[in-house]
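Listed here are the chains, written in short residue letters.
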Amino acid sequence: MRQIDKRFGAVHANKQADLRVAAGTVHGIVGENGAGKSTLMSVLYGFYQADSGSIDIHGKAAQIRNSSEAIALGIGMVHQHFMLVDTLSALDNVMLGAEGHWRLTPARAKVRQGLDVLMQDTGLHVRLDLPVEDLPVGERQRLEILKALYRGARILILDEPTAVLTPQETAQLFTTLRRLRERGTTILLITHKLKEIMALCDAVTVMRAGT
């Protein structure tokens, strides 16, 4: 990301911000509240449009005007507040918007098959037939990561992922992230916790006042 500038009225959230991340690494993004961390990552995910600046993905210029374009480029984001439908099953949450077939029964079978393989590969185990509202927080987070990976994410943005987790769930998450890194996934970790940076990250970018 080069010279990313983003304003919200009088608030200058990102000021000519630069970010370079090596593929297949865990890269920490740290800074105080209001430093521009989540805004910069939301620009990368297409949630916001930068006022100016450019983005290259794997050496190629990328136009990211919305999250669908980000997903098509292999970018996924797990927000601090999960984007799940509580009344649907875990399986149907993954399938929502990625059905791939007008008949739901074969679509559901295809998604389940793909998720079974992903869960085996990554260790991200989720009870697919339970409604999301019946899943504990750690399992909901695993579901969000699975959802991004199922859509082909090779770059995964995690916004304060341990804020709602117990110490045991945090340890499980870190084990998962290390396994994803071994598979070649690039992980961007927004956090306030230096202990997490030291334990997990290969590199870190510090943001201050939007830069």
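So, how was this worked out
Residues numbered from 1 in each chain as written. Predicted model: local features only at pLDDT ≥ 70, side-chain atom pairs only at ≥ 80, totals over all residues. Heavy atoms only, no water. pLDDT = per-residue confidence, 0-100. Helix = DSSP H or I, 4+ residues; strand = E, 2+ residues; numbered from the N terminus. Core = buried A, V, L, I, M, F, W, Y, C linked by side-chain atoms within 4.5 Å. Buried < 20%, exposed > 50% of the residue type's maximum accessible area, 1.4 Å probe, protein only. Contact = heavy atoms within 4.5 Å. Pairing = 2+ DSSP bridges. Axes fitted to C-alpha atoms, helices over the stretch in contact; angles between N-to-C directions. Right-handed = clockwise from strand over helix to strand, strands pointing away.

Student: Help me understand the confidence of the model for the protein in this model?
Tutor: Caution applies to low-pLDDT parts of the model: their predicted coordinates are not meant to be read in detail. When pLDDT is averaged across the protein, the result is 91; 96% of the residues are at 70 or more. At the low end of the mean pLDDT range in the protein sits helix α4 (residues 104-122), at 85; at the high end sits strand β1 (residues 2-8), at 97.

Student: How should the nonpolar core be read in this particular structure?
Tutor: Core analysis: the largest hydrophobic core is formed by 36 residues, its most contacted members being Leu115, Val126, Leu143, Ile145 and Leu158. Among all residues touching Val126, those that are not within four sequence positions of it are Ala90, Met119, Leu135, Glu139, Arg142, Leu143 and Leu146. Of all hydrophobic cores here, the second largest spans 23 residues; its members include Ala35, Ala70, Met77 and Ile190.

Student: How should I be thinking about the sheet that holds strand β8 (residues 186-190) in this particular structure?
Tutor: Hydrogen bonds between backbone groups are what pair the strands of a sheet, and the pairing can be parallel or antiparallel. Pairing is parallel across the open sheet formed by five strands, whose spatial order is β6-β7-β8-β3-β9. Bordering the open sheet on either side are β6 (75-78) and β9 (203-206), each of which pairs with just one other strand. Averaged over all adjacent pairs, the angle separating strand axes in this sheet is 20°, with direction ignored. Summarising the sheet, β6 and strand β7 (residues 155-159) pair through four bridges and their orientation is parallel. Looking across to β7, one finds that Ile75 is bridged to Ile155.

Student: I would appreciate a short explanation of the pairing of β7 in the present structure.
Tutor: For β7, a buried count of five out of five residues is recorded, marking the element as mostly surrounded by other parts of the structure. By the bridge criterion, five bridges tie β7 to β8 in an arrangement that is parallel. Looking at the pairing, Ile157 lines up with Leu188 of β8. With helix α6 (residues 167-182) bridging β7 and its parallel neighbour β8, the resulting β-α-β unit is right-handed.

Student: What is the right way to read unusual backbone geometry from this model?
Tutor: Glycine aside, the phi torsion of most residues is negative, and most peptide linkages are trans. A positive phi is found at Gln3, a non-glycine position, where the angle reads about 55°. Position of Gln3 among the secondary structure elements: in strand β1. In this structure, Ala209 is a non-glycine residue whose phi angle is positive, near 50°. The residue Ala209 is located in the segment after β9 in this model.

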